Amino acid sequence: MIDPMANLDAPTAPAAAADEKDVVDVNTLRYNAQNIDRIRSVMGMASGCVAGICGMTGWKGLVCFVILHVLVLTLIWGLKMNFQLYSYTRQSAWSYFTANMQQSGLSFTLFWTLFYGLVYLY
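Since the model is a prediction, treat every value here as computed from it, not as a measurement.

Cut-off values and rules
- Residues numbered from 1 in each chain as written.
- Predicted model: local features only at pLDDT ≥ 70, side-chain atom pairs only at ≥ 80, totals over all residues.
- Heavy atoms only, no water.
- Core = buried A, V, L, I, M, F, W, Y, C linked by side-chain atoms within 4.5 Å.
- Buried < 20%, exposed > 50% of the residue type's maximum accessible area, 1.4 Å probe, protein only.
- Helix = DSSP H or I, 4+ residues; strand = E, 2+ residues; numbered from the N terminus.
- Contact = heavy atoms within 4.5 Å.
- Axes fitted to C-alpha atoms, helices over the stretch in contact; angles between N-to-C directions.
- Parallel < 35°, antiparallel > 145°, perpendicular 65-115°, else oblique.
- Left-handed = near helix turned anticlockwise from the far one by under 90°.
- Nonpolar A, V, L, I, M, F, W, Y, C, P; charged D, E, K, R; others polar.

Engineer: Would you mind going over the nonpolar core with me for this structure?
Structural biologist: It is characteristic of soluble globular proteins that their nonpolar side chains tend to be buried jointly. Ranked by size, the top nonpolar core spans 8 residues in total: Ile 36, Leu 73, Ile 76, Trp 77, Met 81, Leu 85, Tyr 96 and Phe 97. Within the residue set of this core, elements represented by two or more residues are helix 2 (59-80) and helix 4 (93-98). Take this core: its biggest share by element is 3 residues, from helix 2. The contacts of Met 81, once residues within four sequence positions are left out, are Ile 36, Ile 76, Tyr 88, Thr 89 and Tyr 96. Membership of the second largest hydrophobic core comes to 6 residues, among which are Ala 51, Cys 64, Phe 108 and Trp 112.

Engineer: Would you take a moment to explain the packing of helix 2 against helix 5 (residues 101-121) for this structure?
Structural biologist: For any two helices packed against each other, the geometry is given by the interaxial angle and the distance between the axes. Running from amino to carboxyl end, helix 2 crosses helix 5 at an angle of 130 degrees, the nearest separation of the two axes being 11 Å. What the angle tells us is that helix 2 and helix 5 run oblique. Both helix 2 and helix 5 take part in a crossing whose hand is right-handed. From helix 2, Gly 61, Leu 62, Phe 65 and His 69 reach across to helix 5, where they touch Met 101, Ser 104, Gly 105, Phe 108 and Trp 112. Its residues placed into classes, the contact of helix 2 with helix 5 shows 5 nonpolar, 4 polar and no charged.

Encoded structure:
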C-alpha cells in the first residue's frame, strides 16, 4: 500500500546546488598531495643546482627560485591536472603555489650554496 501523503507521483525537482555533495576519496587526495610535495622538493633541489652552477648570487638566485617554482607548478597544473586544481587537491590556487614554500626554499638554499661552492670556490 502506498502512502498518499508521501506524494510519490509528483514530479521531482532537481536538487539544489547546496544539496549536492562531492564524493571524495581521501586516499587519492593524500596520494596526490604526496606526489606534489615530492615534485616540489626535487624542484627546489634542481633549481638550487641550476642557480649555483650558473653563479647566481643575491637576488638573482632568489628570482631564479621563484620563477622555476611557479613554472614547474604551472606545468603540473596544466599538463597533469588540465587546470582542474580543485578536482585533484581541494586547494585554492594561492595555497597550491605557496604550500611548502619554506621547505622548497631551504632545499634550494642548501643546493644553491653547495653547487656554487663546488663550482666557483674549489
